[in-house]
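Spelled out, the chains give:
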Amino acid sequence: AEALQIDTPDSASFSPKKSEGIWVLAETEGGMLASVTKELLGEAVALSEKLRCSVEAVLPGSGVAVLADELIAYGADRVHVLEHSSLASFIEENYARVVVALAGRYNPDILLVGATERGRGLAARVASMLHTGLTADCTQLEIDPESGLLHQIRPAFGGNLMAAIVTPNCRPQMASVRPGVMKAAEPDRSRKGEIVCHDLSDFEPDHRICLMDEMAANVCGDTLENSRIVIGVGRGVKNKETVVRIRQWAEQIGAVVAGSRAAVEMGLIDAHLQVGQTGHTISPDLYIAIGISGQIQHTAGLSGAKKIVAINPDRTAPIFNIADYGWSVSAEEALSELASVSL
Ligand code: FAD
């Protein structure tokens, strides 16, 4: 492929040449495709059937080209590989510049990004450099085949209503989508697609920014979005001693411990483990809510949970309205009984 012209941060401009389908910005984790990328591809395929357009994946990084076939298996018709040694570490400014340069050349109709820790910032930066809009944290997407407008649906006004946002004057129409809310398609490894390796030899990374060190987050086991069993800790758990008991039980049953915003604010749970509207959306097989009242902003993160168990002494707590099983006891009483339970 011909060399990709990459603007400096100051001169970034958007000069569309031709319009190309639905794009998914691929994210990698430990050398593998992030689950959210597979989910976005599943959604992009469904949308593309209505819009009759191609699904394209953008794969920035270093040593990532090996994942192009995987993207095709999950639904991409074409994969744009953007490889450069400086992209080995995730530096938002550099990633944004290569993505913007590519979007400037092809002018996609729609650009979808995972609303992950990396994706949230990157999507905002790319949208700003492309002078387009961004609907952040969508939980649903629909397309109007007549107008080609993407309905970007997300909770608004504290989760009290779902807003469908359209951006008729923006190209690409950009949305970041929460991990865990859309379903990944089954991979089809016999699918054929095109892989375009773009020439980034002229790319000058931004030398003002460098990554000094990377530390693994202190999260035991799987990430929250991929966990089969999640225990949610709420304000009703009250103290760190009880959280320690919950963690011990979690280890016994192979669960990850997360929490409500109230539990985060009390310092019982780390902020990156918050579930809800401003935290993670999860879809475990089992969610065990201990000392959580079940406010809409919390339950907004539970839409994919298959079974919910609520432990709360207040029988009138709203969490019981969505729970499959309820146990009306205090956290302390429940833990005394549960300590001997393994799954
Ligand atoms: P509470 O509502 O105080 O409930 C505590 C529960 O513990 C009560 O039901 C009580 O009966 C029970 N309890 C009391 N004693 C015990 C005991 N001994 N054992 C067991 N249970 C006991 N919240 C989130 O969680 N995630 C979000 O992403 C989020 N985003 C928000 C965004 C906005 C814009 C706003 C305005 C709010 C947001 N919130 C979010 C906050 C949300 O509205 C609630 O305040 C929060 O979810 C309440 O957390 P909680 O259920 O742990 O606490």
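Located above this text is the structure these notes cover.
These remarks concern the structure in this document. (Residues numbered from 1 in each chain as written. Predicted model: local features only at pLDDT ≥ 70, side-chain atom pairs only at ≥ 80, totals over all residues. Heavy atoms only, no water.)

**Topic: the packing of helix 3 (residues 92-106) against helix 4 (residues 117-129)**
This is how the line gets drawn: In this analysis, axes come from line fits to C-alpha atoms, helices being fitted only over the stretch in contact, and the angle between any two N-to-C directions falls in the range 0 to 180 degrees. Counting from the N terminus, the helices are DSSP H or I runs at least four residues long and the strands are E runs at least two residues long. Oblique is the label for every angle not falling under 35 degrees (roughly parallel), over 145 degrees (roughly antiparallel), or within 65 to 115 degrees (roughly perpendicular). Helix crossings are classified by the rotation of the near helix relative to the far one: an anticlockwise turn of less than a right angle makes the crossing left-handed, while a clockwise turn makes it right-handed. In what follows, residue pairs with any heavy atoms lying within 4.5 Å of each other are defined as contacts. Side-chain classes follow a simple rule in which Ala, Val, Leu, Ile, Met, Phe, Trp, Tyr, Cys and Pro form the nonpolar group, Asp, Glu, Lys and Arg form the charged group, and the remainder, Gly included, forms the polar group.
Interhelical geometry of helix 3 versus helix 4 gives an angle of 50° and a closest axis separation of 9 Å. Taken as axis vectors, helix 3 and helix 4 run oblique relative to one another. Crossing hand, helix 3 versus helix 4: right-handed. Listed contacts from helix 4 to E92, E93, Y95, A96, R97, V99 and V100 of helix 3 are G121, L122, R125, V126 and M129. Its residues placed into classes, the contact of helix 3 with helix 4 shows seven nonpolar, one polar and four charged.

**Some thoughts on the sheet that holds strand 8 (residues 140-144)**
Selection criterion: Two strands form a pair only when DSSP identifies at least two bridges running between them.
In space, the three strands of this open sheet follow the order 8-9-10, with antiparallel pairing throughout. Edge positions in the sheet fall to strand 8 and strand 10 (161-165), since each of these pairs with one other strand and no more. Ignoring which end each strand starts from, the neighbouring axes of this sheet average 25° apart. Judged from the five bridges that link them, strand 8 and strand 9 (residues 149-156) form a sheet pairing that is antiparallel. Along strand 9, the bridge assignment pairs D144 with L149. Contacting strand 8 and strand 9, helix 1 (residues 35-51) runs over the sheet at an angle of about 15° to strand 8.

**Some details on the site of the ligand**
Filter applied, for reference: For this purpose, a residue is taken to be near a molecule or strand whenever a single non-hydrogen atom of the residue falls within 4 Å of it. Two N or O atoms form a polar contact when they lie within 3.5 Å of each other; inside protein one atom must be a possible hydrogen donor and the other a possible acceptor, and for residues adjacent in sequence the pair counts only when both atoms belong to side chains. Residue exposure ignores everything except the shown protein chains as possible cover, and the areas themselves are Shrake-Rupley values with a 1.4 Å probe.
Residues in close proximity to the ligand total 25 residues, the closest being R235, S260, V275, T278 and S293. Within the side chain of K238, an N or O atom sits 3.3 Å from a nitrogen atom of the ligand. Here the ligand has 990 Å² of accessible area as a free molecule, and 77% of this is covered by the chains. At the level of secondary structure, the elements contributing two or more residues to the shell around the ligand comprise helix 6 (261-265), helix 7 (296-299) and helix 9 (331-338). Grouping the constituent residues of the shell around the ligand by class yields five nonpolar, 15 polar and five charged.

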